[in-house]
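# Remarks on the overall topology
If you want the building blocks of each chain, they are given just below.
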Amino acid sequence: MTDLKIKEYIFSTSFYEIYTHFNEEKIKEYVKKLNYQENDNCKTTYYSNEKLIVEDSLKEFMEHISKHILVYVTQIQNKTNFSFTDCWFQIYNYEDNHEVHTHGVNLKQYSLIYYMQSSVDSGATRFYPPGFPYIDSGNIDIRAEDNKLVIFPSYLAHQALPNKDKERIIFSANFTIE
(Lines give C-alpha, C1' and ligand atoms only; values in the text may rest on other atoms or scores of the structure.)
Protein backbone atom coordinates (compact mmCIF):
# COMPACT_ATOMS: atom_id res chain seq x y z
CA MET A 1 0.00 0.00 0.00
CA THR A 2 2.93 2.41 0.38
CA ASP A 3 3.37 2.59 -3.43
CA LEU A 4 -0.10 4.04 -3.88
CA LYS A 5 -0.05 7.50 -5.44
CA ILE A 6 -3.14 9.64 -5.68
CA LYS A 7 -3.32 12.90 -7.60
CA GLU A 8 -6.30 15.16 -7.50
CA TYR A 9 -7.30 17.31 -10.47
CA ILE A 10 -9.96 19.97 -10.25
CA PHE A 11 -11.73 21.90 -12.97
CA SER A 12 -13.08 25.19 -11.78
CA THR A 13 -14.57 28.13 -13.54
CA SER A 14 -15.28 31.42 -11.85
CA PHE A 15 -17.38 34.34 -12.93
CA TYR A 16 -18.00 37.63 -11.22
CA GLU A 17 -20.68 40.14 -10.26
CA ILE A 18 -19.61 43.75 -9.92
CA TYR A 19 -21.97 46.38 -8.59
CA THR A 20 -21.45 49.75 -10.23
CA HIS A 21 -23.21 53.07 -10.37
CA PHE A 22 -23.93 54.97 -13.53
CA ASN A 23 -26.78 57.30 -14.47
CA GLU A 24 -28.08 55.56 -17.57
CA GLU A 25 -31.02 57.83 -18.41
CA LYS A 26 -29.36 59.36 -21.52
CA ILE A 27 -28.08 55.95 -22.60
CA LYS A 28 -31.53 54.39 -22.16
CA GLU A 29 -33.01 57.10 -24.41
CA TYR A 30 -30.31 56.37 -27.01
CA VAL A 31 -30.79 52.60 -26.74
CA LYS A 32 -34.56 52.77 -27.14
CA LYS A 33 -34.12 54.62 -30.45
CA LEU A 34 -31.94 51.90 -32.00
CA ASN A 35 -33.28 49.79 -34.84
CA TYR A 36 -34.04 46.45 -33.17
CA GLN A 37 -34.79 43.25 -35.00
CA GLU A 38 -36.52 40.22 -33.51
CA ASN A 39 -34.47 37.04 -33.30
CA ASP A 40 -35.50 33.86 -31.46
CA ASN A 41 -37.98 35.65 -29.18
CA CYS A 42 -35.30 38.19 -28.30
CA LYS A 43 -34.70 41.71 -29.57
CA THR A 44 -31.18 42.90 -30.23
CA THR A 45 -29.36 45.54 -32.23
CA TYR A 46 -27.32 44.52 -35.21
CA TYR A 47 -24.99 47.51 -35.22
CA SER A 48 -21.36 46.68 -35.86
CA ASN A 49 -19.07 46.61 -32.89
CA GLU A 50 -16.95 49.48 -34.21
CA LYS A 51 -19.93 51.81 -34.37
CA LEU A 52 -21.14 51.08 -30.86
CA ILE A 53 -17.68 51.23 -29.31
CA VAL A 54 -16.83 54.62 -30.82
CA GLU A 55 -20.32 56.16 -30.85
CA ASP A 56 -20.11 59.67 -29.32
CA SER A 57 -23.39 59.19 -27.46
CA LEU A 58 -21.91 56.14 -25.70
CA LYS A 59 -18.47 57.55 -24.86
CA GLU A 60 -19.07 58.11 -21.15
CA PHE A 61 -20.91 54.80 -20.81
CA MET A 62 -18.16 52.83 -22.58
CA GLU A 63 -15.54 54.50 -20.35
CA HIS A 64 -17.55 53.41 -17.29
CA ILE A 65 -17.77 49.80 -18.51
CA SER A 66 -14.10 49.78 -19.60
CA LYS A 67 -12.97 51.05 -16.19
CA HIS A 68 -14.63 48.10 -14.48
CA ILE A 69 -13.37 45.57 -17.01
CA LEU A 70 -9.84 46.87 -16.50
CA VAL A 71 -10.14 46.33 -12.73
CA TYR A 72 -11.19 42.74 -13.43
CA VAL A 73 -8.39 42.23 -15.95
CA THR A 74 -5.64 43.62 -13.71
CA GLN A 75 -6.79 42.44 -10.28
CA ILE A 76 -8.41 39.09 -11.05
CA GLN A 77 -6.66 37.95 -14.23
CA ASN A 78 -3.27 39.60 -13.49
CA LYS A 79 -3.06 40.89 -17.05
CA THR A 80 -2.57 44.40 -18.32
CA ASN A 81 -5.07 45.08 -21.08
CA PHE A 82 -8.20 44.00 -22.92
CA SER A 83 -9.91 44.78 -26.20
CA PHE A 84 -13.55 44.57 -27.20
CA THR A 85 -14.37 42.17 -30.02
CA ASP A 86 -18.05 43.07 -30.26
CA CYS A 87 -20.89 44.56 -28.23
CA TRP A 88 -24.64 45.04 -28.41
CA PHE A 89 -27.79 46.06 -26.54
CA GLN A 90 -30.81 43.86 -25.98
CA ILE A 91 -34.32 44.76 -24.92
CA TYR A 92 -36.48 42.01 -23.47
CA ASN A 93 -40.22 42.65 -23.37
CA TYR A 94 -42.74 40.57 -21.43
CA GLU A 95 -42.03 36.81 -21.86
CA ASP A 96 -38.95 37.44 -24.08
CA ASN A 97 -36.02 35.14 -23.41
CA HIS A 98 -32.75 33.98 -24.95
CA GLU A 99 -32.13 30.26 -25.32
CA VAL A 100 -29.04 28.47 -23.95
CA HIS A 101 -25.91 29.61 -25.80
CA THR A 102 -22.23 30.43 -25.43
CA HIS A 103 -20.21 33.26 -26.90
CA GLY A 104 -17.30 31.13 -28.09
CA VAL A 105 -14.60 28.67 -27.06
CA ASN A 106 -11.49 30.87 -26.99
CA LEU A 107 -10.01 30.65 -23.48
CA LYS A 108 -8.79 34.26 -23.73
CA GLN A 109 -12.26 35.58 -24.57
CA TYR A 110 -14.63 36.82 -21.91
CA SER A 111 -18.15 38.16 -22.03
CA LEU A 112 -20.17 40.56 -19.96
CA ILE A 113 -23.72 41.48 -19.21
CA TYR A 114 -24.52 44.91 -17.81
CA TYR A 115 -28.08 45.26 -16.55
CA MET A 116 -29.27 48.76 -17.41
CA GLN A 117 -32.96 48.48 -16.66
CA SER A 118 -34.59 45.74 -14.66
CA SER A 119 -37.08 45.04 -11.90
CA VAL A 120 -37.72 42.23 -9.43
CA ASP A 121 -39.78 40.62 -12.21
CA SER A 122 -36.96 40.70 -14.78
CA GLY A 123 -35.83 37.35 -16.08
CA ALA A 124 -32.67 36.05 -14.42
CA THR A 125 -29.61 34.93 -16.36
CA ARG A 126 -28.97 31.24 -15.76
CA PHE A 127 -25.38 29.99 -16.01
CA TYR A 128 -24.56 26.33 -16.53
CA PRO A 129 -21.32 24.62 -15.47
CA PRO A 130 -18.64 23.54 -17.95
CA GLY A 131 -19.66 20.22 -19.48
CA PHE A 132 -23.33 21.17 -19.75
CA PRO A 133 -25.49 19.47 -21.02
CA TYR A 134 -23.51 16.26 -20.59
CA ILE A 135 -22.69 16.94 -16.95
CA ASP A 136 -25.39 18.50 -14.84
CA SER A 137 -23.78 19.63 -11.61
CA GLY A 138 -26.19 22.46 -10.96
CA ASN A 139 -26.62 25.95 -12.31
CA ILE A 140 -26.47 29.48 -10.97
CA ASP A 141 -29.17 32.09 -11.52
CA ILE A 142 -28.03 35.71 -11.50
CA ARG A 143 -30.82 38.12 -10.73
CA ALA A 144 -31.05 41.14 -13.01
CA GLU A 145 -30.35 44.33 -11.04
CA ASP A 146 -29.71 47.81 -12.38
CA ASN A 147 -26.00 48.69 -12.55
CA LYS A 148 -24.86 45.08 -12.08
CA LEU A 149 -22.01 43.92 -14.31
CA VAL A 150 -21.42 40.18 -14.75
CA ILE A 151 -18.13 39.02 -16.32
CA PHE A 152 -17.69 35.40 -17.35
CA PRO A 153 -15.62 33.17 -19.66
CA SER A 154 -17.26 33.19 -23.10
CA TYR A 155 -17.48 29.38 -23.13
CA LEU A 156 -19.93 29.25 -20.19
CA ALA A 157 -23.37 28.20 -21.37
CA HIS A 158 -26.07 30.60 -20.23
CA GLN A 159 -29.56 31.80 -21.03
CA ALA A 160 -31.93 34.64 -20.22
CA LEU A 161 -34.99 33.17 -18.53
CA PRO A 162 -38.44 34.47 -19.57
CA ASN A 163 -38.88 38.10 -18.66
CA LYS A 164 -41.85 38.86 -16.40
CA ASP A 165 -41.68 42.65 -16.47
CA LYS A 166 -42.55 45.01 -19.30
CA GLU A 167 -38.96 45.80 -20.27
CA ARG A 168 -35.46 44.64 -19.38
CA ILE A 169 -32.46 46.35 -21.03
CA ILE A 170 -28.93 44.99 -21.06
CA PHE A 171 -25.60 45.84 -22.65
CA SER A 172 -23.44 42.86 -23.58
CA ALA A 173 -19.96 42.53 -24.99
CA ASN A 174 -17.19 40.09 -25.71
CA PHE A 175 -13.57 41.00 -25.09
CA THR A 176 -10.14 39.40 -25.16
CA ILE A 177 -7.56 39.73 -22.44
CA GLU A 178 -3.99 40.58 -23.40
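So, here is what we can say about the structure in this document. Each chain carries its own residue numbering, running from 1 in the written order of its sequence. This being a predicted model, a pLDDT of at least 70 is required before a residue's local features are given, and a value of 80 or more before pairs of side-chain atoms are given or counted; all residues contribute to the totals for chains, interfaces and linings. Water and hydrogen atoms play no part in the side-chain values, which are based on all heavy atoms of the structure.

Side-chain atoms within 4.5 Å link the members of a nonpolar core, which is a set of buried Ala, Val, Leu, Ile, Met, Phe, Trp, Tyr and Cys residues. Exposure categories follow from relative accessible area, calculated using a 1.4 Å probe and restricted to protein chains: below 20% of the type maximum is buried, above 50% is exposed, and the middle band is partly exposed. Membership of the largest hydrophobic core comes to 30 residues, with the highest contact counts inside it found for F61, F89, L112, F171 and F175. In DSSP terms, a helix is any run of H or I states spanning at least four residues, a strand is any run of E spanning at least two, and both are numbered starting from the N terminus. Of all the secondary structure elements, the ones that give two or more residues to this core are α1 (25-32), α3 (59-76), β4 (82-93), β6 (109-117), β9 (148-153) and β11 (167-177). Sort the elements by how many residues they give to this core and α3 lands first, with six residues. Apart from residues no more than four positions distant in its own chain, F61 is found in contact with F22, I27, F89, Y114, M116 and F171. Of all hydrophobic cores here, the second largest spans eleven residues; its members include Y92, F127, A144 and F152. Note on contacts: a residue pair qualifies if any of its non-hydrogen atoms lie within 4.5 Å across the two residues.

When you tally the buried positions in β6, you get nine out of nine residues, the bulk of the element. The rule for pairing is simple: two strands pair if DSSP sees at least two bridges between them. With eight bridges connecting them, β6 and β11 associate as antiparallel partners. Bridging from a neighbouring strand, S111 pairs with N174 of β11. Sheet topology note: the β6/β9 ladder contains six bridges and is antiparallel.

Judged by pairing direction, the sheet is antiparallel, and its four strands sit side by side in the order β5-β10-β7-β8 without closing on themselves. Here the strands that pair on one side only, and so sit at the sheet edges, are β5 (98-101) and β8 (140-142). The mean inter-strand angle of the sheet, taken between neighbouring strand axes irrespective of direction, is 15 degrees. Across three bridges, strand β7 (residues 125-127) lies against β8 in antiparallel orientation. Pairing of T125 across the sheet is with I142, part of β8. Axes, fitted as lines to C-alpha atoms, cover a helix only where it is in contact. Angles between the N-to-C directions of the axes lie from 0 to 180 degrees.

Each aromatic ring pair is described using two quantities: the centre-to-centre distance and the angle formed by the ring planes. Each Phe, Tyr or Trp ring, with Trp reduced to its six-membered ring, pairs with another whose centre is within 6.5 Å; inter-plane angles below 30 degrees give stacked pairs, above 60 give edge-to-face pairs, and intermediate values give tilted ones. Taken as a whole and judged by the stated rule, the model has 13 aromatic pairs. Note on F82 and F84: the rings are 5.4 Å apart at their centroids and 85 degrees apart in plane angle, and the pair reads as edge-to-face. Each member of the pair, F82 together with F84, is buried. One aromatic cluster is present, formed by Y16, Y72, F82, F84, Y110 and F175 through successive ring pairs.

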